[in-house]
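Architecture and fold: a report
One-letter residues, chain by chain:
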Amino acid sequence: MMVKADQRHLYVQVIERLKKDIESGIFKENERFPSEFELARTLGVSRATLREALRVLEEDKVIVRKHGVGTFVKPKPLFSSGIENLSSVSSMIRDAGMEPGTIFMDVLETAPCDESIAKFGCGEDERLVTIKRVRTADGDPVVYCIDQVLSKNLSSSTDELLNNSLFDAIEKSGTIRIVQAVAHIEPVGYDDEASSILRCGVDIPLLVLRQHHYSEEGEMVLYSKNYFRADKFSFHVVRKRV
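Description of the packing of aromatic side chains
Tallying each qualifying case throughout the model produces two aromatic pairs. Plain terms: the ring middles of Phe-27 and Phe-33 are 4.6 Å apart, the flat faces sit at 35 degrees to each other, and that makes the pair tilted. There is no split in this pair, since Phe-27 and Phe-33 are both buried. Note on Tyr-144 and Tyr-227: the rings are 6.0 Å apart at their centroids and 25 degrees apart in plane angle, and the pair reads as stacked. Separated by 83 residues along the polypeptide, Tyr-144 in strand β6 (residues 140-150) and Tyr-227 in strand β9 (residues 220-229) bring together distant segments of the chain. For the pair Tyr-144 and Tyr-227, a shared accessibility class is recorded, and that class is buried. Taking the ring centre of Phe-72 as reference, the NZ or CZ of Lys-66 above it sits at 4.8 Å. Sitting above the plane of the Tyr-223 ring, Lys-119 keeps its charged end 3.8 Å from the centroid.

Dropping the structure here:
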């Protein structure tokens, strides 16, 4: 496993060597690396060179370093999606070859508050349905969803939502089709409610995706706040020069 001499910087060679060892299974996901002393000796490099290589690998999300614990191989996300692609959580899970499921936490119908009236452009006499669910992949909780939709736009019963996506429930009547969403995504280190529900410790961060979904007519019909386990999901975006 010792690094061979060539014209490139030594730490670059170490990076490539460690990546190959991870890909070949010498170091497995969630497995702790040997100590810096042992690894540097095995690779035949200085600890300073090794530390620089580990720093780059951490920036590239290949490894995770836990202070006072050690360095671990970061598991690859099970689910990956382009954030420019408007798809349901169910679709993302199925695309990964897993079976989506739903655990209902709460369904509450209330009068809309001032913020919701402004958000949905609805009247004070309309009713707002707030749905809290845990989405599972092969039985494991992976996303905590908080969705809001006007009751007039939701034609499915609670039982039907168990086996269908919220998109399907809204579009079931045939009068509404969701065509776009404005999305905001941000990392959250720990959330008391969501982290507990998703069985995440303080070392597993979350990705919070807030989305305003719009119909073909430009009406906002769904507001979603989804907490994704960052060790299970990754999102990317395709940027084009204009």
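Examining helix α2 (residues 36-43)
Within the sequence span of α2, burial applies to Leu-39, Ala-40 and Leu-43. Angularly, the buried residues of α2 cover 100 degrees about the axis, an arc narrow enough to put them on a single face. For α2, the secondary structure elements touched by its buried residues are α1 (10-23) and α3 (47-59). Among the residues trailing α2, Gly-44 stands out with phi positive, at a value near 75 degrees.

Conventions used here
Residues numbered from 1 in each chain as written. Predicted model: local features only at pLDDT ≥ 70, side-chain atom pairs only at ≥ 80, totals over all residues. Heavy atoms only, no water. Phe/Tyr/Trp six-rings, centres within 6.5 Å; stacked < 30°, edge-to-face > 60°. Buried < 20%, exposed > 50% of the residue type's maximum accessible area, 1.4 Å probe, protein only. Helix = DSSP H or I, 4+ residues; strand = E, 2+ residues; numbered from the N terminus. Lys NZ or Arg CZ within 6 Å of the ring centre and 35° of its normal. Arc of directions from axis to C-beta. Contact = heavy atoms within 4.5 Å.

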